[in-house]
Amino acid sequence: MGSLSGGNGSLWGMGFFHSQEWNSGRRKRSNDGKEGNNASKSSHTDSVDANGGTGYRFPLKQAMTASSLALTGDTIAQLRDRWLKNKDNLPNPPHPKDLIGALLSEHDWLRSIRMASYGFLLYGPGTYAWYSYLDRCMPKQSVENVLVKVLLNQIVLGPAVIAVIFAWNNLWLGKLSDLPNKYQKDALPTLLFGFRFWVPVSVLNFWAIPLQARVAFMSMASIFWNFCLSATMSK
């Protein structure tokens, strides 16, 4: 995680972005000149010391967005599985009550909680930290920077997400000993399939979507991806 810290010592590397004292100090510097600059620096130093040098604020909105959309993707995957399982036993044409019963019965709530918690605790905060880090390193919106961000997204974020979601799923299931076999069997095919989907999505994300909306945009795209991941997790 050190690579995401940005050298400021904050969890997920976002203390510098979310420190109220830093934002306040920046405004004072622009409005009050040199004297205000010294005062704001002093105030910021005092407040950072009082908070233990972090100033971290959990990205709740991004976490909730990622959680709800991970849950949506898993729900779609479960509905599809139940439809394929029960469609041959339904009358033709199926009665609405029979259809609803077949689709809503036997829902795996633990699996849903697993995916939702992954989105809330890991994917939402983690990807927001990642996009913030990339924007801090490459703030200019040039073609070269966008292409580098897309490349880094595929070779760093993509494998990291797959590694984390596989581990999170097996941890919940109490099957950490099976994790190496899961990686060997499913990780590379999932990653290669993801390249075809995420490369164009990432180009659009970095080129046209503002930072504060990127987790929401990628999470919306992730409804399809979470459907694929959830289906892979349940094998």
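Predicted, not measured: the structure shown is a model, and the values here were computed from it.

## A closer look at the packing of helix 3 (residues 60-86) against helix 5 (residues 109-137)
Thought 1: With their axes 7 Å apart at the nearest point, helix 3 and helix 5 run at an angle of 145 degrees to one another. At the point where helix 3 passes helix 5, the crossing takes the right-handed sense. Packed against helix 3, whose contacting residues are L60, Q62, A63, M64, A66, S67, A70, L71, D74, A77, Q78 and D81, the element helix 5 presents R111, S112, M115, A116, G119, F120, Y123, G124, P125 and Y128 at the interface.
Thought 2: In the contact of helix 3 with helix 5, the residues fall into 13 nonpolar, 6 polar and 3 charged.

## Let's talk about helix 7 (residues 179-208)
Thought 1: The end-to-end C-alpha separation of helix 7 is 37 Å, well short of the 44 Å expected for 30 residues at 1.5 Å each.
Thought 2: In the structure, helix 7 departs most strongly from a straight axis at D186, where the bend amounts to approximately 40 degrees and where the proline P189 lies between one and four residues downstream.

## Some remarks on the confidence of the model for the protein
Detailed reading of the predicted coordinates is not advisable wherever pLDDT falls low.
Thought 1: Counting all residues, the mean pLDDT for the protein is 75, and 69% of those residues have values of 70 or more.
Thought 2: For the protein, the element scoring lowest by mean pLDDT is helix 1 (residues 15-18), at 36; helix 5 scores highest, at 92.
Thought 3: Here residues 1-30 is a poorly scored stretch, pLDDT under 50, and it has 56 contacts once near neighbours within four places are set aside; other chains count.
Thought 4: Within the model, pLDDT remains below 50 along residues 39-53, and this stretch shows 11 contacts once partners closer than five positions in the same chain are excluded.

## Remarks on empty space enclosed by the protein
Thought 1: This model, assessed by the stated rule, comprises 1 cavity of 30 Å³ or more.
Thought 2: The volume enclosed by the largest cavity comes to roughly 250 Å³.
Thought 3: For the lining of the largest cavity, the elements supplying multiple residues, two or more each, are helix 3, helix 5, helix 6 (143-173), helix 7 and helix 8 (211-233).
Thought 4: Of the residues contributing to the lining of the largest cavity, the split by class is 13 nonpolar, 8 polar and no charged.

## Quick word on the packing of aromatic side chains
Thought 1: Following the criterion strictly, the structure yields 7 aromatic pairs and no others.
Thought 2: Relative to F206, the ring of Y131 lies with its centre 5.7 Å away and its plane at 80 degrees, an arrangement referred to as edge-to-face. Linking Y131 in helix 5 with F206 in helix 7, this pair joins segments that are 75 residues apart in sequence.
Thought 3: Look at Y131 and you get buried, because its relative accessible area is 0%.
Thought 4: The class of F206 is buried, set by a relative accessible area of 0%.
Thought 5: Arranged with centres 4.9 Å apart and planes meeting at 75 degrees, the rings of F197 and W198 form a pair that is edge-to-face.
Thought 6: The ring of F166 carries the charged tip of K182 above its face, separated from the ring centre by 5.9 Å.

## Examining the nonpolar core
Soluble globular proteins: nonpolar side chains tend toward being buried together.
Thought 1: Among the nonpolar cores identified, the biggest contains 28 residues, and Y131 and W198 are the most heavily contacted of them.
Thought 2: Within the residue set of this core, elements represented by two or more residues are helix 5, helix 6, helix 7 and helix 8.
Thought 3: With 8 residues, the top contributor of residues to this core is helix 6.
Thought 4: Excluding residues that lie within four positions of it along the chain, Y131 makes contacts with N153, L157, N205, F206, L211, R214, V215 and M218.

## Observations regarding the pattern of salt bridges
Thought 1: What the rule picks out here adds up to 6 salt bridges.
Thought 2: One salt bridge in this structure joins R111 and D74, with 2.7 Å as the shortest N-O distance. With R111 in helix 5 and D74 in helix 3, this residue pair connects regions lying 37 residues apart in the sequence. Comparing R111 with D74 shows no difference in burial state: the two are buried.
Thought 3: One salt bridge connects D81 with R111, and the closest N-O pair in it is separated by 3.9 Å. With a gap of 30 residues between them, D81 in helix 3 and R111 in helix 5 connect regions that are remote in the sequence.
Thought 4: Relative accessible area serves as the criterion here: at 29%, D81 is assigned to the partly exposed category.
Thought 5: The exposure class assigned to R111 is buried, which follows from its relative accessible area of 9%.
Thought 6: Here the residues in one salt-bridge network are D74, R80, D81 and R111, joined through shared partners.

Definitions and limits used
Residues numbered from 1 in each chain as written. Predicted model: local features only at pLDDT ≥ 70, side-chain atom pairs only at ≥ 80, totals over all residues. Heavy atoms only, no water. Axes fitted to C-alpha atoms, helices over the stretch in contact; angles between N-to-C directions. Helix = DSSP H or I, 4+ residues; strand = E, 2+ residues; numbered from the N terminus. Left-handed = near helix turned anticlockwise from the far one by under 90°. Contact = heavy atoms within 4.5 Å. Nonpolar A, V, L, I, M, F, W, Y, C, P; charged D, E, K, R; others polar. Expected span 1.5 Å × (residues − 1). Bend = angle between axes of the 7 residues up to and from the residue. pLDDT = per-residue confidence, 0-100. 1 Å grid on protein atoms, 1.4 Å probe; cavity = no way out; pocket = protein on both sides within 12 Å on 5 of 7 lines; lining within 4 Å. Points joined across faces, edges and corners; volume = space filled by probe spheres on them. Phe/Tyr/Trp six-rings, centres within 6.5 Å; stacked < 30°, edge-to-face > 60°. Buried < 20%, exposed > 50% of the residue type's maximum accessible area, 1.4 Å probe, protein only. Lys NZ or Arg CZ within 6 Å of the ring centre and 35° of its normal. Core = buried A, V, L, I, M, F, W, Y, C linked by side-chain atoms within 4.5 Å. Salt bridge = Lys/Arg side-chain N within 4 Å of Asp/Glu carboxyl O.

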